[in-house]
Amino acid sequence: MPLLTEHCEAALAILEAQHLRRNLRVSARVEDSSVEIEQDGHHYVSFACNDYLGLRAHPEVIAAGAKALAEHGAGAGASRLVTGNHPLYAPLEAKLAAMKGSEAALVFGSGYLTNLGVIPALVGKGDVIFADKLVHACIIDAAQLSGARLMRFRHNDMAHLEQLLKGYRAESPNALIVTDHVFSMDGDIAPLADIATLAEKYDAWTMADDAHGLGIVEPAAELDVWMGTLSKSAGAYGGYVCGSQALINYLTTAARSFVFSTGLPPSACASALSALTVMEHESERGSIAIALAQRVTNALCLPRAQTSIIPIILGEAEAAIAASEKLKERGILAVAIRPPTVPPGTARLRLAFSSEHTDAQVDALIAALKEVLVC
Ligand SMILES: *Cc1c(COP(=O)(O)O)cnc(C)c1O
């Protein structure tokens, strides 16, 4: 057996050769802007943040967090079932439930922890999960952790989902169909109403991950379980699940990532609640972000953006990285997304738009993309 450091170095060398090694950079927000970032001493306009509504830097959201920090301290001090259930949770959960039209909501430590707790609490060995081919990695991790059989249907392909339901549903006592609402790396939308119809026909529960839809795309169907994150359009941190009161009561006891993890810092809850309030009062923020994305898809003759995310698929990891580097030279941050985040051969630039981007910034992006994608 090699020394552990040698083992790690060899593994890194292989990743490096495949252009799949990942490195951390320090990214600092530029004062007075929610879309400009400083990295390695350079100043960029970022199309690489998930803060689609500009709420991470909103003065009210910051003030709410600061007030909670001063009043309640830095951390929760314990898991919520012990003494970490500070008074900021109840209004946050009430707001989330109301926004999703659900009876109740439960806030977790993060979106990842939410999926990791919820899915194994609902299905287990002997059960079956039907998941879209492109669902977020944490849904796959959660499905594997659950021990249920995992069947993947082709992306947004309802005929394939039905074929799998026909073939495999009857073998298991419980079945869960799970999808992203807005797909994080493609920016397209799941056909939730069709999924709900199939679920009814084949007797399955339904769940959607709304990490990239909150405040941007209205849910178009009633599902059993909605989950999402407070770290993207809500600008703060944390995860949540919405559903019936019975579901929430059950998860409070049965979701292990809820039971065995410390509550969120009070400041994160307060900032998230403030962000949701701004989101409600200024609901045009979502459509502004989508309109900016559509301006780019129109200008570049790409399929019309449906959300605040657009993919520019370039194929190999190397091509995506090269394009990202060329944009950086032009003062623009757009991350190259590579396998295993996306399927092999579909490495891409992922552009994320915020309601805070100016028309001039988007025009500069269009001009830079026209140069970079042609050469
Ligand atoms: C980001 C993301 C998550 C994880 O949420 P975090 O709060 O960042 O842990 C889950 N699902 C999807 C689709 C996401 O994009």
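You'll find the structure just up there.
Below or above, wherever it landed, is the structure these notes cover.

Analysis parameters
- Residues numbered from 1 in each chain as written.
- Predicted model: local features only at pLDDT ≥ 70, side-chain atom pairs only at ≥ 80, totals over all residues.
- Heavy atoms only, no water.
- Helix = DSSP H or I, 4+ residues; strand = E, 2+ residues; numbered from the N terminus.
- Rg over C-alpha atoms; globule rule 2.2 N^0.38 Å.
- Buried < 20%, exposed > 50% of the residue type's maximum accessible area, 1.4 Å probe, protein only.
- Contact = heavy atoms within 4.5 Å.
- Polar contact = N/O pair within 3.5 Å; in protein donor to acceptor, adjacent residues only side chain to side chain.
- Near = heavy atom within 4 Å.
- Areas by Shrake-Rupley, 256 points an atom, 1.4 Å probe, with all protein chains shown as cover.
- Nonpolar A, V, L, I, M, F, W, Y, C, P; charged D, E, K, R; others polar.
- Pairing = 2+ DSSP bridges.
- Axes fitted to C-alpha atoms, helices over the stretch in contact; angles between N-to-C directions.
- Salt bridge = Lys/Arg side-chain N within 4 Å of Asp/Glu carboxyl O.

**A short note on the overall build of the chain**
Here is step 1: Across its full length, the chain carries 14 helices and 14 strands.
Here is step 2: Expected size for 375 residues packed as a compact globule is a radius of gyration near 21 Å; at 21 Å, the chain falls within 12% of this value.
Here is step 3: Across its three principal directions, the C-alpha atoms of the chain cover 55 × 55 × 50 Å.
Here is step 4: The buried share of the chain, reckoned over its 375 residues, is 52%.
Here is step 5: Look at the contacts in the chain between residues 6 or more apart in sequence, and 67% of them connect residues 24 or more apart.

**Section: the side chain of Arg348**
Here is step 1: Examined against the element boundaries, Arg348 turns out to sit in strand 14 (residues 347-352).
Here is step 2: Judged by its relative accessible area of 2%, Arg348 falls in the buried class.
Here is step 3: At a separation of 3.1 Å, a polar atom in the side chain of Arg348 contacts the side chain of Asp186.
Here is step 4: Not counting chain neighbours up to four residues away, the residues in contact with Arg348 comprise Met185, Asp186, Pro311, Ile312, Ile313, Leu314, Ala320, Val335, Ala336, Ile337, Val342 and Pro343.

**Let's talk about the site of the ligand**
Here is step 1: Around the ligand there are 14 residues in total, and Gly111, Asp209, His212, Thr229 and Lys232 lie nearest to it.
Here is step 2: The backbone of Tyr112 places a nitrogen or oxygen atom 2.9 Å from an oxygen atom of the ligand.
Here is step 3: Take Asp209: an N or O atom from its side chain is 2.6 Å from a nitrogen atom of the ligand.
Here is step 4: Taken by itself the ligand offers 380 Å² of open surface, and the protein chains cover 88% of this.
Here is step 5: Here the shell around the ligand is built from residues that sort into 3 nonpolar, 8 polar and 3 charged.

**Regarding the sheet that holds strand 10 (residues 239-243)**
Here is step 1: A sheet is described by the order of its strands in space; here 7 strands give the open sequence 4-10-9-8-7-5-6, paired in mixed fashion. Single-partner strands in this sheet number two, and they are strand 4 (104-108) and strand 6 (149-153). Pairs of neighbouring strands in the sheet enclose a mean axial angle of 20°, with direction left out of account.
Here is step 2: In this structure, strand 4 lies alongside strand 10, joined through 5 bridges in antiparallel fashion. From the neighbouring strand, Ala104 faces strand 10, where its bridge partner is Gly243.

**Observations regarding the environment of Gly213**
Here is step 1: Examined against the element boundaries, Gly213 turns out to sit in the loop between strand 8 (205-209) and strand 9 (225-229).
Here is step 2: Separated by 74 residues in sequence, Gly213 and Ser287 place their C-alpha atoms 12 Å apart.
Here is step 3: In this view, Gly213 contacts His181 and Val182; residues no more than four positions away in its chain are not counted.

**Here's the deal with the pattern of salt bridges**
Think of it this way: side chains of opposite charge can pair up when their charged atoms draw near.
Here is step 1: According to the stated counting rule, one finds 17 salt bridges in the structure shown.
Here is step 2: For the salt bridge of Arg80 with Glu93, the shortest nitrogen-to-oxygen distance reads 2.8 Å. Remark: Glu93 occurs in helix 4 (residues 89-100) and Arg80 occurs in helix 3 (residues 80-84); sequence separation between them is 13 residues.
Here is step 3: Relative accessible area serves as the criterion here: at 10%, Arg80 is assigned to the buried category.
Here is step 4: On the basis of relative accessibility, which here comes to 12%, the residue Glu93 falls in the buried class.
Here is step 5: With a shortest N-O distance of 2.5 Å, Arg295 and Asp363 are connected by a salt bridge. Linking Arg295 in helix 12 (residues 284-299) with Asp363 in helix 14 (residues 359-374), this pair joins segments that are 68 residues apart in sequence.

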